[in-house]
Amino acid sequence: MNQILQLRDVRKSFGMLHALDGVSLDVSEKTLTILIGPNGSGKTTLINAVMGYFKPDAGSIEFSGRQIAGLPPHKIYRLGLARTFQIPALFWKLTVLENLMVAEKDHPGESFVKSVVARTWRDEETRTATKASKILELLGLAKVWDVPAVNLSGGQMKLVEIGRALMSDAKMLLLDEPVSGVNPTLAHEIFAKLVRLRDELGVTFLIVEHRLDIALDYVDYVHAMAYGKLVASGPPASVMSDPKVAEAYLGA
Ligand SMILES: Nc1ncnc2c1ncn2[C@@H]1O[C@H](COP(=O)(O)OP(=O)(O)OP(=O)(O)O)[C@@H](O)[C@H]1O
Ligand SMILES: [Mg+2]
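Residues numbered from 1 in each chain as written. Chains lettered and ligands numbered in written order. Predicted model: local features only at pLDDT ≥ 70, side-chain atom pairs only at ≥ 80, totals over all residues. Heavy atoms only, no water.

This next bit is on helix H6 (residues 154–166). With 13 residues, H6 ought to run about 18 Å at 1.5 Å a step, and its terminal C-alpha atoms sit 19 Å apart, in line with that. The element H6 is extensively covered by neighbouring structure, given that 11 of its 13 residues are classed as buried. Restricting attention to buried positions, one finds in H6 the residues Gly-155, Met-157, Lys-158, Leu-159, Val-160, Glu-161, Ile-162, Gly-163, Arg-164, Ala-165 and Leu-166. (Helix = DSSP H or I, 4+ residues; strand = E, 2+ residues; numbered from the N terminus. Expected span 1.5 Å × (residues − 1). Buried < 20%, exposed > 50% of the residue type's maximum accessible area, 1.4 Å probe, protein only.)

Next up, the structure:
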């Protein structure tokens, strides 16, 4: 299987604290891969390093065969990597459809030259709306397309965030706790939708999630961290029966 993301000996310290203490891991293309580990083990720091929110102190990060360690976030985003946050960040007064439309990577509103050519602008607007509708359909949000984001349920807000990330035509999405604070029924629905997005759009997911009771039923591969290091990797059953993983959680 092709590796879409490869980290080699990635390091990041905050003062004396080694938040990432030499992490090497691969993510295979078109998988749902989950990153687990107790609080403070370095999961969000790893996502921030991949997305260019800071430069790693050392190590290599390759995305689709390209070295991205140290590139700024907007360049990484343009290469096809997008993320969501632990707490959804939406435009609360805009509708669901509008939230997706404004997330489009090459939205015509960004370009003065394009926006003065009205015909181009209209064509692109139509194309963007068509793409947004398709994504809303896949996410099961078609019925609430005209609802302002502020009126959605917590689970729907998480889905809109994923929809916004997909509008960039991302090949890979990094999701930080996509089902935290969501009731179990909806949490299962969200993971079922991620499986569908993997299969129908060929998107790769790297997911940080504490709700293992829900997530493990859906994921292909697990990486477990503790104290800034990778302690186990493999299919869910093998990682969950690894004594090093149990020890990491007990020690935390
Ligand atoms: N900007 C920062 N400055 C100083 N320390 C930081 C910073 N960001 C993270 N840390 C520290 O790095 C360590 C790893 O934090 P990180 O947020 O990556 O953990 P996590 O695995 O995402 O935890 P959680 O499951 O609680 O979200 C923690 O000890 C944290 O306090
Ligand atoms: Mg975190």
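Back to the write-up after that little detour.
The next subject is the domain arrangement of the protein chain. It is common to give the size of an interface as the accessible area that goes away when the parts come together. Here the protein chain is partitioned into domain 1 (1–80 + 170–252) and domain 2 (90–168). The distance between the C-alpha centroids of domain 1 and domain 2 comes to 26 Å. Of the residues lining the interface, 18 residues belong to domain 1; the matching set on domain 2 comes to 18 residues. Of the roughly 1500 Å² buried where domain 1 meets domain 2, counting both sides, 65% is carbon and sulfur surface. Three residues stand out in domain 1 for area buried against domain 2, namely Tyr-77, Arg-78 and Lys-193, and they jointly supply 32% of the buried area on that side. The interface formed by domain 1 and domain 2 holds 0 salt bridges in total. Remark: the boundary between domain 1 and domain 2 carries 5 residue pairs in polar contact (both at pLDDT 80 or more). A breakdown of the residues in the side of domain 1 that touches domain 2 according to their chemical character gives 12 nonpolar, 1 polar and 5 charged. (Domains from an automatic or database assignment. Contact = heavy atoms within 4.5 Å. Buried area = accessible area lost by both parts, 1.4 Å probe. Salt bridge = Lys/Arg side-chain N within 4 Å of Asp/Glu carboxyl O. Polar contact = N/O pair within 3.5 Å; in protein donor to acceptor, adjacent residues only side chain to side chain. Nonpolar A, V, L, I, M, F, W, Y, C, P; charged D, E, K, R; others polar.)

Another point: the site of ligand 1. Around ligand 1 sit 13 residues, and of these Asn-39, Gly-40, Lys-43, Thr-45 and His-210 come closest. Interatomic distance of 2.8 Å between a side-chain N/O atom of Asn-39 and an oxygen atom of ligand 1. When ligand 1 is considered free in solution it has 630 Å² of accessible area, and contact with the protein chains removes 60% of it. Sort the elements by how many residues they give to the shell around ligand 1 and helix H1 (residues 43–50) lands first, with 3 residues. Taken together, the residues of the shell around ligand 1 break down into 4 nonpolar, 8 polar and 1 charged. (Near = heavy atom within 4 Å. Areas by Shrake-Rupley, 256 points an atom, 1.4 Å probe, with all protein chains shown as cover.)

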